[in-house]
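As a plain string of letters, each chain reads:
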Amino acid sequence: MLGVGFLFTRPAWAELRVVLVVPSVAEQRDTQIATRLRAELVAAGFDVRTVPSTAAPSILLLKTVAEREAGAAAVAIVSSPESVSGIVWMRDERAERVLVRRVPEERRSVDSPAVFAIRATDLLHGGLLQLGYPRPKPPTAASGGSAHDVPVGARQPEPAAAGPRGTPKKMARTASREPSRLETGAGSRPETAPPEPAWEVMAGASSLWGPGGDSQALPWMFAPSLGLEWCPLTSWVFELRTAAPAFGIVGSSTQAVNIDQEVALLGAGWRGRLGSRVRVAASAGPALYRLGVRGQQPVTPVPAGNRRPGPPGGPPPVNFLEYSDVYWYGCAYGGAGLELYVESRFAVRLLGDLVVPLKRATIRLSNRQTVQSGTPLLIGTLGLALRL
């Protein structure tokens, strides 16, 4: 009876699949670690699937493999001849929230397979609890568990010959307790914290002001804005943003100049947390600025001989000569802003940038200076970002 009752005792997350990503051509040292880690995960009650990969371990790789294999989590081993570390990627049941934990790097030793497997499994347990998965329950008397039974969700005790002497005491921790920051070397994130995305796209609107000079500045102009952001690391990103086209008019109603502006920003940036849902952003890099000018210039014909053009006694006729010019500027830019995550995949962005062209040009109307261009350009952007 006791044996039958114990057979029906199962961990709360026995249906969860964990994908173990291993190198396609693994060294013997990595094979030992992967084998021990798989044993730890199976003993904890997970459905473990091993997937070989030729790509280098990364957050994007774990996300792709886990989604392809319908896994709740994925684990990768980051190995070198001198040390070993790892990456643990997890998502909640609705795939709305993502957690990334890193197994601390340590020098290789005979204990490396056991230490790595236990640390990675502990990080996985703690992350799944934080994502809302139920906590494992120990077997009760009704289920036939005795004082010598292993609690549900805990690791099976290692045989005496399985590990070397002097195994650290913290390796005896049970999987039902979430590891602390000191034990794992990885800080836990708030449950409402936005995920660390690999790619984000943004769409919104930008307001451009300037350039200005000694006589007159360009008016405020508005343009659609698009952006693409790649986050290879937790806090560092590469971005590409455009604001184009922006149309405006300079001059009087009779002598007007049509202006169009286009800006492209390509740079690197930093993202830091200001709260559970708010991030601060800073970025800088090169930029490309285009300024187009179209207008009409009045031209008075020159009289031929003694004959005066036009009706006698009247003013001379005035002809208008159409002209257009295009100015290209290499620029440098710097900016800052705020990002508010209204949902785990959506964020509202408010950004401000200062674009400094590296040369100057003068826009003239009727042979008089109208705008001195090539001075700093201010851009304000409001957009909605989506995590892919």
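Predicted model only: the values in this text are computed from it and were never measured.

So, about the nonpolar core. Core analysis: the largest hydrophobic core is formed by 28 residues, its most contacted members being Leu37, Phe46, Met90, Phe116 and Leu124. Those elements giving two or more residues to this core turn out to be strand S1 (17-23), helix H2 (28-43), strand S3 (73-79), strand S4 (83-91), strand S5 (98-107) and helix H4 (112-130). No other element matches the six residues that H4 contributes to this core. The residues contacting Leu124, other than those within four sequence positions of it, are Val18, Leu41, Phe46, Ala73, Val88 and Met90.

Counting buried residues in S1 gives five out of seven residues, a clear majority hidden from the surface. Here S1 pairs with strand S2 (residues 47-53) via seven bridges, running parallel. Note that in S2 the partner of Leu20 across the bridge is Thr50. In terms of strand pairing, S1 meets S3 through four bridges, oriented parallel. Its bridge partner being in S3, Leu20 is matched across the sheet by Val75.

Moving on: the sheet that holds S4. Two pairing modes exist for strands in a sheet, parallel and antiparallel, and in both the strands are linked by backbone hydrogen bonds. Taken in spatial order, the five strands line up as S2-S1-S3-S4-S5 in an open sheet, and their pairing is mixed. The sheet is open, and its two edges are formed by S2 and S5, each paired on a single side. Across the sheet, the mean angle separating the axes of adjacent strands is 20 degrees when strand polarity is ignored. Seen against the sheet, H2 touches S1, S2, S3 and S4 and runs at an angle of roughly 155 degrees to S3. The sheet strands contacting helix H3 (residues 59-68) are S1, S2, S3, S4 and S5, and the helix crosses S4 at an angle near 50 degrees.

All right, on to the side chain of Glu200 then. Relative to the elements of secondary structure, Glu200 occurs in strand S6 (residues 199-209). Under the relative-accessibility criterion, Glu200 is labelled buried at 3%. Within the structure, Glu200 has its side chain in polar contact with the side chain of Tyr341 (distance 2.9 Å). Leaving out residues up to four positions away in the same chain, Glu200 has contacts with Gly227, Leu228, Glu229, Arg279, Tyr341, Arg349, Ala385, Leu386 and Arg387.

Once that is clear, we can look at the packing of aromatic side chains. Given two aromatic rings, their pairing is described by the distance between the two centres and the angle made by the two planes. The full count for this structure, using the stated rule, is four aromatic pairs. Between Trp199 and Trp230 the ring centres are 6.0 Å apart and the planes differ by 25 degrees, which places this aromatic pair in the stacked class. Placement of Trp199 in strand S6 and of Trp230 in strand S7 (residues 221-230) is noted, with a sequence separation of 31 residues between them. Here a set of aromatic residues connected by ring pairs shows up, and it is made of Trp199, Trp230 and Phe238.

Right, let's get into a nonpolar patch on the surface. A grouping of Leu60, Trp199, Leu228, Trp230, Phe238, Leu240, Leu266 and Leu388 is seen on the molecular surface, where their side chains present a nonpolar patch of about 730 Å² in accessible area. Taken together, the elements giving at least two residues each to the nonpolar patch come down to S7 and strand S8 (236-251). Following the sequence through the fold, Leu266 ends up in strand S9 (residues 256-273).

Structurally, Glu239 can be placed in strand S8. For Glu239, the side chain forms a polar contact with the side chain of Ser283, separated by 2.8 Å. Reaching out from Glu239, the side chain makes a polar contact with the side chain of Tyr333 at a distance of 2.8 Å.

Each neighbour pair has its own omega, and for Ala244 with Pro245 the value is -10 degrees, a cis peptide bond. Inspection of the secondary structure puts Pro245 in strand S8.

A few words on H3. Taken as a whole, H3 has its buried residues at Ile59, Leu61, Leu62, Lys63, Val65 and Ala66. Within two residues after H3, Ala70 carries a phi angle of roughly 55 degrees, on the positive side.

What follows is about H4. Given a rise of 1.5 Å per residue, 19 residues ought to cover 27 Å, and the 27 Å separating the end C-alpha atoms of H4 matches this to within 8%. Taken across its 19 residues, H4 has 19 buried, putting it largely inside the fold.

In this section: the pattern of salt bridges. Evaluation of the coordinates by the stated rule reveals 18 salt bridges. Note that Glu200 is salt-bridged to Arg349, the shortest N-O span being 2.6 Å. Of this pair, Glu200 sits in strand S6 while Arg349 sits in strand S12 (residues 346-357), placing them 149 residues apart in sequence. For Arg349, a relative accessible area of 4% corresponds to the buried category. A salt bridge links Glu339 to Arg349, with the shortest nitrogen-to-oxygen separation between them at 3.2 Å. Of this pair, Glu339 sits in strand S11 (residues 319-343) while Arg349 sits in strand S12, and the two are ten residues apart along the sequence. Accessibility classification places Glu339 together with Arg349 in one group, the buried group. When salt bridges that share partners are traced, they join Glu200, Glu229, Glu239, Arg241, Arg271, Arg279, Glu339, Arg349 and Asp353 into one network.

Reading guide: rules and limits
Residues numbered from 1 in each chain as written. Predicted model: local features only at pLDDT ≥ 70, side-chain atom pairs only at ≥ 80, totals over all residues. Heavy atoms only, no water. Core = buried A, V, L, I, M, F, W, Y, C linked by side-chain atoms within 4.5 Å. Buried < 20%, exposed > 50% of the residue type's maximum accessible area, 1.4 Å probe, protein only. Helix = DSSP H or I, 4+ residues; strand = E, 2+ residues; numbered from the N terminus. Contact = heavy atoms within 4.5 Å. Pairing = 2+ DSSP bridges. Axes fitted to C-alpha atoms, helices over the stretch in contact; angles between N-to-C directions. Polar contact = N/O pair within 3.5 Å; in protein donor to acceptor, adjacent residues only side chain to side chain. Phe/Tyr/Trp six-rings, centres within 6.5 Å; stacked < 30°, edge-to-face > 60°. Patch = residues over 30% accessible without salt bridge, like charges linked within 9 Å, V, L, I, M, F, W, Y side chains within 5 Å. Areas by Shrake-Rupley, 256 points an atom, 1.4 Å probe, with all protein chains shown as cover. Salt bridge = Lys/Arg side-chain N within 4 Å of Asp/Glu carboxyl O. Expected span 1.5 Å × (residues − 1).

All quantities given are derived from atomic positions and should not be read as evidence of function.
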